[in-house]
Amino acid sequence: LRSRNPQFGGPVSEGARSFLQDIGLNIFVAALGANVGPKIITALAGDTVIWLALIGTTAALLPVVVAYFVCDKFLKQNSVINAGACSGGRNSTPGLNAVLDESQSQVAAVPYPVSYAVTTVLALIGGYLAQVLS
(Lines give C-alpha, C1' and ligand atoms only; values in the text may rest on other atoms or scores of the structure.)
Protein backbone atom coordinates (compact mmCIF):
# COMPACT_ATOMS: atom_id res chain seq x y z
CA LEU A 1 0.00 0.00 0.00
CA ARG A 2 2.81 2.40 0.90
CA SER A 3 4.68 1.73 -2.35
CA ARG A 4 1.67 2.96 -4.36
CA ASN A 5 0.78 5.82 -1.96
CA PRO A 6 3.93 7.34 -0.44
CA GLN A 7 1.88 9.73 1.73
CA PHE A 8 1.20 6.78 4.09
CA GLY A 9 4.71 7.06 5.55
CA GLY A 10 8.38 7.09 4.83
CA PRO A 11 10.64 4.15 4.33
CA VAL A 12 10.61 1.50 7.06
CA SER A 13 14.02 0.46 8.32
CA GLU A 14 15.23 -3.05 7.57
CA GLY A 15 15.37 -3.88 11.29
CA ALA A 16 11.75 -2.88 11.85
CA ARG A 17 10.58 -4.77 8.78
CA SER A 18 12.50 -7.86 9.83
CA PHE A 19 11.10 -7.64 13.38
CA LEU A 20 7.51 -7.36 12.15
CA GLN A 21 7.97 -10.29 9.79
CA ASP A 22 9.53 -12.46 12.52
CA ILE A 23 6.94 -11.55 15.16
CA GLY A 24 4.13 -12.32 12.70
CA LEU A 25 5.62 -15.74 11.96
CA ASN A 26 6.12 -16.45 15.67
CA ILE A 27 2.52 -15.51 16.50
CA PHE A 28 1.28 -17.77 13.70
CA VAL A 29 3.33 -20.70 14.99
CA ALA A 30 2.18 -20.06 18.57
CA ALA A 31 -1.49 -19.96 17.54
CA LEU A 32 -1.10 -23.11 15.48
CA GLY A 33 0.65 -24.87 18.37
CA ALA A 34 -2.05 -23.81 20.82
CA ASN A 35 -4.76 -25.28 18.60
CA VAL A 36 -3.02 -28.48 17.53
CA GLY A 37 -0.80 -29.18 20.56
CA PRO A 38 -3.37 -30.95 22.76
CA LYS A 39 -4.44 -33.22 19.89
CA ILE A 40 -0.84 -34.20 19.17
CA ILE A 41 -0.17 -34.96 22.85
CA THR A 42 -3.12 -37.35 23.04
CA ALA A 43 -2.13 -38.99 19.73
CA LEU A 44 1.43 -39.61 20.93
CA ALA A 45 0.49 -41.33 24.17
CA GLY A 46 2.36 -44.41 25.34
CA ASP A 47 5.33 -45.79 23.47
CA THR A 48 4.41 -44.10 20.18
CA VAL A 49 6.81 -41.25 20.94
CA ILE A 50 9.75 -43.63 21.38
CA TRP A 51 9.06 -45.44 18.11
CA LEU A 52 8.49 -42.16 16.29
CA ALA A 53 11.82 -40.80 17.57
CA LEU A 54 13.71 -43.99 16.65
CA ILE A 55 12.22 -44.26 13.17
CA GLY A 56 12.70 -40.53 12.51
CA THR A 57 16.32 -40.54 13.65
CA THR A 58 17.08 -43.64 11.60
CA ALA A 59 15.38 -42.22 8.50
CA ALA A 60 17.28 -38.94 8.87
CA LEU A 61 20.75 -40.34 9.54
CA LEU A 62 21.00 -43.71 7.80
CA PRO A 63 20.93 -42.52 4.15
CA VAL A 64 23.59 -39.86 4.75
CA VAL A 65 25.88 -42.19 6.71
CA VAL A 66 25.58 -44.96 4.11
CA ALA A 67 26.17 -42.53 1.21
CA TYR A 68 29.21 -41.01 2.91
CA PHE A 69 30.64 -44.45 3.74
CA VAL A 70 30.12 -45.82 0.22
CA CYS A 71 31.65 -42.76 -1.43
CA ASP A 72 34.55 -42.70 1.01
CA LYS A 73 35.47 -46.41 1.10
CA PHE A 74 34.41 -47.76 -2.29
CA LEU A 75 34.54 -44.76 -4.62
CA LYS A 76 37.56 -43.18 -2.86
CA GLN A 77 36.01 -39.72 -3.18
CA ASN A 78 37.50 -36.61 -1.59
CA SER A 79 35.93 -36.18 1.85
CA VAL A 80 35.14 -32.47 1.33
CA ILE A 81 33.38 -33.15 -1.98
CA ASN A 82 31.64 -36.12 -0.37
CA ALA A 83 30.41 -33.99 2.55
CA GLY A 84 29.14 -31.32 0.13
CA ALA A 85 27.24 -33.92 -1.88
CA CYS A 86 25.74 -35.45 1.29
CA SER A 87 24.59 -32.05 2.56
CA GLY A 88 22.99 -31.39 -0.83
CA GLY A 89 21.36 -34.80 -0.68
CA ARG A 90 19.70 -33.80 2.59
CA ASN A 91 18.81 -30.34 1.18
CA SER A 92 20.77 -28.84 4.06
CA THR A 93 22.25 -25.41 3.37
CA PRO A 94 23.41 -25.07 7.01
CA GLY A 95 25.22 -28.39 6.55
CA LEU A 96 26.97 -27.02 3.47
CA ASN A 97 27.93 -23.87 5.36
CA ALA A 98 29.41 -25.98 8.16
CA VAL A 99 31.44 -28.01 5.65
CA LEU A 100 32.66 -24.82 3.96
CA ASP A 101 33.67 -23.31 7.31
CA GLU A 102 35.47 -26.43 8.53
CA SER A 103 37.30 -27.11 5.27
CA GLN A 104 38.08 -23.41 4.68
CA SER A 105 37.47 -24.09 1.00
CA GLN A 106 34.65 -23.60 -1.48
CA VAL A 107 35.17 -27.04 -3.07
CA ALA A 108 32.21 -28.59 -1.22
CA ALA A 109 29.86 -26.21 -3.00
CA VAL A 110 30.55 -27.92 -6.36
CA PRO A 111 28.53 -31.16 -5.86
CA TYR A 112 25.91 -29.52 -3.63
CA PRO A 113 23.46 -28.21 -6.30
CA VAL A 114 23.44 -31.46 -8.27
CA SER A 115 22.56 -33.66 -5.31
CA TYR A 116 20.13 -30.99 -4.04
CA ALA A 117 18.26 -30.97 -7.35
CA VAL A 118 18.22 -34.76 -7.73
CA THR A 119 16.84 -35.37 -4.24
CA THR A 120 14.25 -32.61 -4.64
CA VAL A 121 12.96 -34.17 -7.87
CA LEU A 122 12.97 -37.67 -6.34
CA ALA A 123 11.09 -36.40 -3.27
CA LEU A 124 8.44 -34.79 -5.50
CA ILE A 125 8.05 -37.95 -7.57
CA GLY A 126 7.96 -40.10 -4.43
CA GLY A 127 5.32 -37.89 -2.86
CA TYR A 128 3.21 -38.01 -6.00
CA LEU A 129 3.49 -41.79 -6.20
CA ALA A 130 2.61 -42.16 -2.54
CA GLN A 131 -0.46 -40.00 -3.07
CA VAL A 132 -1.54 -41.97 -6.13
CA LEU A 133 -1.00 -45.34 -4.48
CA SER A 134 -2.76 -44.46 -1.21
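Above this text sits the structure in question.
Let me sum up the structure you'll find in this document. (Residues numbered from 1 in each chain as written. Predicted model: local features only at pLDDT ≥ 70, side-chain atom pairs only at ≥ 80, totals over all residues. Heavy atoms only, no water.)

**Notes on the packing of aromatic side chains**
Scanning the model with the defined rule gives 2 aromatic pairs in all. On the numbers, 5.6 Å between centres and 45° between planes, the contact of Y112 with Y116 is tilted. Of this pair, Y112 and Y116 both sit in helix α5 (residues 112-133), separated by 4 residues, roughly a single helical turn. The exposure class of Y112 is buried, given its relative accessible area of 10%. Residue Y116 is classed as partly exposed on the basis of its relative accessible area of 33%. (Phe/Tyr/Trp six-rings, centres within 6.5 Å; stacked < 30°, edge-to-face > 60°. Helix = DSSP H or I, 4+ residues; strand = E, 2+ residues; numbered from the N terminus. Buried < 20%, exposed > 50% of the residue type's maximum accessible area, 1.4 Å probe, protein only.)

**As for the nonpolar core**
Within soluble globular proteins, side chains that are nonpolar tend to cluster in buried spots. Counting 6 residues, the largest nonpolar core is built from A83, L96, V99, L100, A108 and Y112. In terms of residue count, helix α4 (residues 93-103) provides more of this core than any other element does, 3 residues in total. Excluding residues within four positions of it along the chain, L96 makes contact with G84, S87, A108, A109 and Y112. (Core = buried A, V, L, I, M, F, W, Y, C linked by side-chain atoms within 4.5 Å. Contact = heavy atoms within 4.5 Å.)

**With respect to the packing of helix α2 (residues 48-74) against helix α3 (residues 79-89)**
α3 packs onto α2 with a crossing angle of 150° between their chain directions and a minimal axis gap of 10 Å. When the axis of α2 is compared with that of α3, the two are roughly antiparallel. In terms of crossing hand, the pair formed by α2 and α3 is right-handed. Facing α2, whose interface residues are V64, A67, Y68, C71 and D72, α3 presents S79, N82, A83 and C86. The residue inventory of the contact of α2 with α3, partitioned by class, reads 6 nonpolar, 2 polar and 1 charged. (Axes fitted to C-alpha atoms, helices over the stretch in contact; angles between N-to-C directions. Parallel < 35°, antiparallel > 145°, perpendicular 65-115°, else oblique. Left-handed = near helix turned anticlockwise from the far one by under 90°. Nonpolar A, V, L, I, M, F, W, Y, C, P; charged D, E, K, R; others polar.)

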